[in-house]
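Each chain is listed here by its residues.
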Amino acid sequence: MGIDLSAEAAPRRRTTVRGPSDEPVVLTVNGTEHAVNLEPRVSLLDALRDRLALTGSKKGCDQGTCGACTVWVDGRRVLACLTLAITCEGRQVTTIEGLTTDGELHPMQRAFIEHDAFQCGYCTPGQIMSAVALIEEGNAGTDQDIAEFMSGNLCRCAAYPGIRAAIRDVRDARAPEPGATGDGG
Amino acid sequence: MRPLAYARVSTVEEAVETVTAAPGSAFLAGGTTEVDLIRLGIARPGLLVDINDLPLTGVEDLPGGGLLIGALARMSDVARAPEVAGRYPGVSRALLLGASQQLRNMASMGGNLCQRVRCAYFRDGLSPCNKREPGTGCSALDGLNRGHAILGTSEHCIATHPSDVAVALAAFDAVVRTSGPGGARRIPIDDFYLLPGDTPERENPLAHGELITAIELPPAGIARRSIYLKFRDRESYEFALVSVCAALSVRDGIVAEARLALGGVGTKPWRARHAEARLTGAPATAESYAAAAAAELAGAAVRRHNAFKVELARRAIVRGLTLAARGGAR
Ligand SMILES: Cc1cc2nc3c(=O)[nH]c(=O)nc-3n(C[C@H](O)[C@H](O)[C@H](O)COP(=O)(O)OP(=O)(O)OC[C@H]3O[C@@H](n4cnc5c(N)ncnc54)[C@H](O)[C@@H]3O)c2cc1C
Ligand code: SF4
Ligand code: FES
Ligand code: FES
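Residues numbered from 1 in each chain as written. Chains lettered and ligands numbered in written order. Predicted model: local features only at pLDDT ≥ 70, side-chain atom pairs only at ≥ 80, totals over all residues. Heavy atoms only, no water.

(A) The domain arrangement of chain B, seen in detail. For chain B, the assigned domains are domain 1 (5-53) and domain 2 (229-324). Each of domain 1 of chain B and domain 2 of chain B has a C-alpha centre, and the two are 36 Å apart. (Domains from an automatic or database assignment.)

Below, the structure written as structure tokens:
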């Protein structure tokens, strides 16, 4: 934190310009380092799906409007379609494939199954990545908070009631004080 | 998407120098505007200069109770910073009602101020649009203009400025701090946004390579009870049709001081100075609020599909001022 205007990082280093053609890039995804060659214009979403064969993250709109591509970068949920892969060097990327431990589904994944929180399933990886982060953020306190802070994940099949029920379950199983409010709402 | 080069910089000086030296380059912060517009073919930088490593992410106290918000502080972090939520709840609320949590985690405060309009003709990359291609005309004038502005328009562009937080920042006289090839500047937010006039392609006074480093919020006791209301086609994750940031200080039933700014209706974040002038010294009543709204909206220029915004804005202002007089909360 802080706001620092000084050029304290002396001695000045020369700025390295990379691209526009392929550049060697190391991406850390779900704890594993992957060395790939990528043009700087390649989105994190395309890198994950087309280069690393991690096709869990979905492309709905490619414009930041649907949430199907939601992943975590350094633990925060973001949109992979509006993130350039090369900007993720040195950061930790987590995708839906990284949620399971030793083949065990994450509690949120199990809750989605129990509550029928999907129909076609296209939005589901993004919903789940958002839902787990939502609880971590402390934004799942009330139904109103859940609705507001999950609004970045659209579901064309309108599985919203099931999605909210799944989130409530996981929240209540974890948190001793249900009903605590988050930072919005 | 067109090919582009990439550089990551680590100091303000390096950022300014790198962009200044490359005519076709642009800063990259959260990328939620820039990457979107590059993919649409509307922004065409040859080089993106990634400023995300710059140490400009803090929220700090200024003497007297003001705040300094770093240009790379993320919308989600600023919204929940206790100093912001406590001293400028209208700013916090405006941030939380914008975009989605994923976007707010990515989007920076500096980038937010520089986001481009959501006019569909601007974004389609094809229609005549003076903002995208000066001199080609404005497709919205006689086109689908339901979302467009009614204040501050010109015959050359009627696009609404889309930022929510800029509306709240305008209400509290924020100052944009920059560092550029010509040195450092402090630009009052009202001067940061330019009316379209006959140069709608120019939206702010930033020189090429000039970096926003921070946003100053001057001390304003009145802001402690400020509110932000947003009206839109769906409850969440949507741009405003009309939004209101309001704060009132009332003594013995009389308005001592008023702050009012509007979103969704202006070609820039709209500080409602006519309304504020009407309110100051007037009784804190619904009649005064309606008169203030009328004074502000007297200059509205409507088009075929957006005339409803006048009445919507009038009601939103009255509701916003009523809530603000009660001490806010929302
Ligand atoms: C689906 C969607 C919905 C949205 N809804 C809302 C909404 O409801 N309300 C709202 O207010 N906003 C909304 N937004 C807009 C969003 O808030 C902006 O895109 C975001 O704030 C831009 O910040 P960024 O850091 O991502 O900027 P970038 O995309 O990185 O940059 C934007 C522009 O600013 C320039 N720039 C960035 N940082 C600086 C700096 N420090 N100094 C100088 N220039 C700089 C860049 O070169 C670029 O031209 C929405 C966006 C999307 C995609
Ligand atoms: S309103 Fe502005 S942005 Fe939209 S088409 Fe007209 S000139 Fe372009
Ligand atoms: S594909 Fe990223 S938000 Fe839709
Ligand atoms: S389950 Fe089909 S889009 Fe959500």
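Text resumes after the structure shown.
(B) Helix 1 (residues 12-21) of chain B, seen in detail. Regarding helix 1 of chain B, the residues found buried are V12, E14, A15, V16, T18 and V19 of chain B. Buried residues belonging to helix 1 of chain B abut strand 1 (5-8), strand 2 (25-28), strand 3 (47-50), strand 6 (175-180) and strand 8 (211-217) of chain B. (Buried < 20%, exposed > 50% of the residue type's maximum accessible area, 1.4 Å probe, protein only. Helix = DSSP H or I, 4+ residues; strand = E, 2+ residues; numbered from the N terminus. Contact = heavy atoms within 4.5 Å.)

(C) Inspection of the interface of chain B and chain A at higher detail. The partner chain A presents 51 residues to the 59 residues of chain B that form the contact. Counting the surface chain B buries against chain A, the share from its top three residues, Y6, R39 and Q102 of chain B, is 16%. Where chain B meets chain A, there are three salt bridges. Two residues, D77 of chain B and R76 of chain A, come together in a salt bridge whose shortest N-O distance is 3.1 Å. Counting every contact that joins chain B to chain A gives 21 residue pairs in polar contact (both at pLDDT 80 or more). Residue contributions to the side of chain B that touches chain A peak at six residues, all from helix 6 (residues 101-106) of chain B. Across the side of chain B that touches chain A, the residue classes break down as 23 nonpolar, 17 polar and 19 charged. (Buried area = accessible area lost by both parts, 1.4 Å probe. Salt bridge = Lys/Arg side-chain N within 4 Å of Asp/Glu carboxyl O. Polar contact = N/O pair within 3.5 Å; in protein donor to acceptor, adjacent residues only side chain to side chain. Nonpolar A, V, L, I, M, F, W, Y, C, P; charged D, E, K, R; others polar.)

(D) Structural view of the sheet that holds strand 7 (residues 183-188) of chain B. All names here are of chain B. Pairing is antiparallel in the open sheet, where five strands are placed in the order 4-5-8-6-7. Of all strands in the sheet, those bounded by a partner on one side alone are strand 4 (59-61) and strand 7. Each adjacent strand pair in this sheet contributes to an overall mean axis angle of 25 degrees, direction not counted. Where strand 6 lies against strand 7, six bridges are found, and the strand directions are antiparallel. Across the sheet, residue G180 finds its bridge partner in strand 7, namely G183. Most of the contacts of helix 1 go to strand 8, to which it runs at about 130 degrees, and overall it touches strand 6 and strand 8. (Pairing = 2+ DSSP bridges. Axes fitted to C-alpha atoms, helices over the stretch in contact; angles between N-to-C directions.)

(E) The arrangement of empty space enclosed by the protein in detail. Residues and elements named next belong to chain B. Tallied over the full model, the rule gives four cavities of 30 Å³ or more. In this model, the largest cavity occupies a volume close to 110 Å³. What lines the largest cavity is a set of 14 residues, among which V117, K131, L194, E203 and T267 lie closest to the centre. Here the residues of the lining of the largest cavity sort into eight nonpolar, three polar and three charged. One number sums up the size of the second largest cavity: a volume of about 90 Å³. Lining the second largest cavity are 17 residues, and of these C119, C129, N130, C138 and C157 sit closest to its centre. Grouping the constituent residues of the lining of the second largest cavity by class yields eleven nonpolar, five polar and one charged. (1 Å grid on protein atoms, 1.4 Å probe; cavity = no way out; pocket = protein on both sides within 12 Å on 5 of 7 lines; lining within 4 Å. Points joined across faces, edges and corners; volume = space filled by probe spheres on them.)

(F) Broad picture of the UniProt feature "domain: FAD-binding PCMH-type" (unreviewed entry) in chain B. Mapped onto this structure's residue numbering, the UniProt feature "domain: FAD-binding PCMH-type" (unreviewed entry) falls at residues 1-222 of chain B. For residues 1-222 of chain B, the helix share is 28%, the strand share is 17%, and the end-to-end C-alpha distance is 47 Å. (UniProt positions renumbered as here; feature names shortened; annotations may be inferred.)

(G) Representation of the packing of aromatic side chains. Residues and elements named next belong to chain B. Throughout the structure, instances matching the rule amount to two aromatic pairs over all chains. On the basis of an interplanar angle of 90 degrees and a centroid distance of 5.1 Å, the ring pair of F192 and Y193 is categorised as edge-to-face. We classify Y193 as buried; its relative accessible area is 4%. (Phe/Tyr/Trp six-rings, centres within 6.5 Å; stacked < 30°, edge-to-face > 60°.)

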